[in-house]
Protein chains: 2
Amino acid sequence: MNAVNLKQLALELNLSVSTVSRALRDSWEISTPTKQRVFDLAKKMNFQPNPYASSLRKHRSRTIAVVLPEVANNFFALAIKGIETVAREKGYHVLIYLTNEEAAEEMAIASSLQSGRVDGVILSLCGSTKETRHLLELQQRNIPLVFFDRVCEELTAPKVMTNDYESGFIATEHLIKAGCRRVAHLTISMSLSISHRRQEGYVDALRRWELPCDPSLVVHCPREEEESYRMIRELFSSSFRPDGVFASVEKLAVQVYHVCRELGLRIPEDVKVISFSNLVTASLLEPSLTTIAQPAYDMGKEAATMLFRRLEKKYIVVPDDQVMLPARLEVRNSTRAV
Amino acid sequence: MNAVNLKQLALELNLSVSTVSRALRDSWEISTPTKQRVFDLAKKMNFQPNPYASSLRKHRSRTIAVVLPEVANNFFALAIKGIETVAREKGYHVLIYLTNEEAAEEMAIASSLQSGRVDGVILSLCGSTKETRHLLELQQRNIPLVFFDRVCEELTAPKVMTNDYESGFIATEHLIKAGCRRVAHLTISMSLSISHRRQEGYVDALRRWELPCDPSLVVHCPREEEESYRMIRELFSSSFRPDGVFASVEKLAVQVYHVCRELGLRIPEDVKVISFSNLVTASLLEPSLTTIAQPAYDMGKEAATMLFRRLEKKYIVVPDDQVMLPARLEVRNSTRAV
DNA sequence: ATTATTTACGAAAACGTTGTAGTAACCCAG
DNA sequence: CTGGGTTACTACAACGTTTTCGTAAATAAT
């Protein structure tokens, strides 16, 4: 692979390997003219230090892992961008792992990260994760772990979140104010704390407006597209169907649109829809979709920043500081009062 | 970090480091009972071999790099998923780098990858890349490079592409058949070969239907959103505006929709729109968007497969085999004949 | 003039793994 | 019972860096 190394430079320059190494790192122990000679030759020979030798020696890989449930989703895609931006600024490399919402894959990935391959991990839980031993083990190996959006409440770790409770409340209240009386909540796995928070916000908004909480209106959609579609279709086929829907996940809102088309339900006349979403096309949908948009890019940047703060232990860091970035309500036609 | 290593296992078992190493790799040189003892202790102590020591020794990192212009875009996001899937199957790790469409960043990344950090690279050129020295240097370091969608025609390397020429032709012809006589082509940087191919298809379709090629109808949109928006707006503000638009890039189609709203132009009555796009919401837009959809996930898988074929040189591989996966025309209302 | 300090470098040992070369111990043939 | 072959291990060097320790030579202090 990379043929040129310190030994060759040293040989060429009649210097020792240590001197060359030090010169390249601009050590004060090396005289200016020598440094210059080393720099020049290194540049000429296009010397690139072997990162693995360096990592082995220094016990630092300058690499972090980002573990996500999926990426074909604007939220996570933007988050990656935020993370990558900060990482490259800091001279770090980013390994990406997708769990595909499978707890087993998340565990396998976490386990493999115990090898010391990475200095730190940014993770967003997958919906099917039930236990957190694999994450605890990471922490026990002294690999800093930062949670991101889908945080793990049981573990002590830095977390970057959105104000899920408030957002759930606001979304539901928005539907109610627009005239809805039977508001459904579509969500994914209830083992995720963000789902809980949003659900709590939903429930409290109903209470606040003295509307009944019908458990049949809270639908936990599975990962499988078809199954999920079927459940939503069923929800809307009932004679006593909801007149408003709060979708916790973008994908579910899209399915709601499709179901409504299939069933001939008009949005917002028959059903109003609001969704957590970062769709760039929200405003171009028919009808345009009212969204709760999370600051995905900033959340990514923030998570990365928190991780690097821990990695470059410049000062004592609180082990579980949490950052909460507010989501924005973007009102559009899918919740227009009619 | 990771405290447990071969030496400790060896010490505990009264064996040499080499024996433990070989036992773990299930070598025939080690007796079955010894292997069992080693396995058991390794499991008990949760031993994870240090990947950097291994990489250093073996000159293989089992890591690849994916270099993309952006990720907040369904096409690239799906591609990553395809790549990651294949990579994890093969036991490889995936480093991700975003160029943000900046040639300078692409060069810096390529340069840093010369260090031997990765065994191979999958890359999609960024729009502003003019020269390819940085990529050539990678190849000269014997780091296999596979191009993906935005390929580099000057370099000899495996490439995974879409049938851009045909797609450009089909898209344009589709507009013409729907009644358009002044078809515009919105594209990004013309230094990309895919832009050229699509443009060629566009031109040939116009010729085939004996329509004039008005150069003012081919608009090269810059990366900056506002600037790009301004140019599209200008195009449509002209008194002799196009009655059909072929957008080479999803983002531009979205901007066309916005411009049309702003100018009060109706799609498809006043302007018909077709676009390269992998938007999941294409069918939900107002009006639903006719797209040329690339098989992004499969392209990612294919690119990764080609790369691994090269890395695991089981047999002689052609240095520049190219795979062309066809894009699909998905006809929707934005090109409805009226 | 002698000793202390600084400057500029080199030798060598790590880091944890893998591969090569070697070697005791045992088995079997002659 | 000697010699060739197998079995099951060990010793050691190597991968390319970084770092600790050491030391000649030059300079400064006494």
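The text that follows walks through the structure, step by step, so that each part is easy to find. (Residues numbered from 1 in each chain as written. Chains lettered and ligands numbered in written order. Predicted model: local features only at pLDDT ≥ 70, side-chain atom pairs only at ≥ 80, totals over all residues. Heavy atoms only, no water.)

## So, the sheet that holds strand S9 (residues 272-276) of chain B
Residues and elements named next belong to chain B. Our working rule: Two strands are counted as paired when DSSP detects at least two bridges linking them. Counting from the N terminus, the helices are the DSSP runs of H or I reaching at least four residues and the strands are the DSSP runs of E reaching at least two. Orientation is described by axes fitted as lines to C-alpha atoms, over the contacting stretch for helices, and by angles from 0 to 180 degrees between their N-to-C directions. Should any heavy atoms of two residues lie within 4.5 Å, those residues are considered in contact.
Taking strand neighbours across the sheet as the criterion, the six strands line up as S7-S6-S8-S9-S10-S12 in an open arrangement whose pairing is mixed. Each of the sheet's edge strands pairs with one partner strand only, and the pair in question is strand S7 (218-220) and strand S12 (328-330). Taken pair by pair, the neighbouring strands of this sheet meet at an average axis angle of 15°, ignoring direction. Two elements, strand S8 (residues 244-247) and S9, share four bridges in a ladder whose sense is parallel. Bridging from a neighbouring strand, Gly244 pairs with Lys272 of S9. Its contacts with the sheet place helix H11 (residues 250-263) against strand S6 (183-187), S8 and S9, and it is angled at close to 160° to S9.

## Thoughts on the protein's contact with DNA strand C
To keep it simple, the criterion reads: When we say a residue is near a molecule or strand, we mean one of its heavy atoms is within 4 Å of it. Definition of a polar contact: a pair of N or O atoms within 3.5 Å, with one able to donate and the other able to accept a hydrogen when the atoms are protein atoms, and with sequence-neighbouring residues admitted only if both atoms are side-chain atoms. Under the scheme applied here, ten amino acids are nonpolar (Ala, Val, Leu, Ile, Met, Phe, Trp, Tyr, Cys and Pro), four are charged (Asp, Glu, Lys and Arg), and all others, including Gly, are polar.
In the vicinity of DNA strand C there are 27 residues, among which Thr19, Arg22 and Thr34 of chain A together with Leu6 and Arg57 of chain B approach most closely. Sugar and phosphate atoms form 60% of the subset of DNA strand C atoms that lie within 4 Å of the protein. Side-chain polar atom of Arg57 of chain A to a base nitrogen of DNA strand C: 2.9 Å apart, as the coordinates give it. A distance of 3.1 Å is found between a base oxygen of DNA strand C and a side-chain nitrogen or oxygen belonging to Arg22 of chain B. Counting residues per element, the ones that place at least two in the surface near DNA strand C are helix H2 (17-24) and helix H4 (51-58) of chain A together with helix H2 (17-24) and helix H4 (51-58) of chain B. The class makeup of the residues in the surface near DNA strand C is eight nonpolar, twelve polar and seven charged.

## Observations regarding H11 of chain B
Quick reminder: α-helices carry 3.6 residues per turn. Residues three or four places apart thus point the same way. Residues and elements named next belong to chain B. What counts, and what does not: Multiplying 1.5 Å by the residue count of a helix minus one yields the expected span of that helix. Think of it in three bands: with a 1.4 Å probe and only protein chains considered, a residue is buried below 20% of the maximum accessible area for its type, exposed above 50%, and partly exposed in between.
Here H11 contains 14 residues, and its C-alpha end-to-end distance of 20 Å stays within 8% of the 20 Å for a straight helix at 1.5 Å per residue. Within the span of H11, buried status applies to Glu250, Leu252, Ala253, Val254, Gln255, Val256, Tyr257, Val259 and Cys260. For H11, the elements touching its buried residues are helix H5 (74-89), S6, helix H10 (225-237), S8 and S9. Of the residues one or two after H11, Gly264 is the one with positive phi, at around 75°.

## Describing the interface of chain A and chain B
Counted only if it meets this: The term buried area refers to how much accessible surface (probe radius 1.4 Å) is lost by two components on association, counted for both of them together. One speaks of a salt bridge when a side-chain nitrogen belonging to Lys or Arg is within 4 Å of a carboxyl oxygen belonging to Asp or Glu.
Tallying the contact residues gives 57 residues for chain A and 57 residues for chain B. Of the roughly 5200 Å² buried at the junction of chain A and chain B (both faces included), carbon and sulfur atoms supply 59%. Connecting chain A to chain B are two salt bridges. Across the salt bridge formed by Arg88 of chain B and Glu105 of chain A, the nearest N and O atoms sit 3.0 Å from each other. Along the contact surface separating chain A from chain B lie 25 residue pairs in polar contact (both at pLDDT 80 or more). Looking at the side of chain A that touches chain B, the elements with two or more residues in it are H4, helix H5 (74-89), strand S2 (93-98), helix H6 (103-112) and helix H11 (250-263) of chain A. Counting residues per element, the side of chain A that touches chain B draws most heavily on H5 of chain A, which supplies seven residues. Looking at the side of chain A that touches chain B, its residues break down into 27 nonpolar, 20 polar and ten charged.

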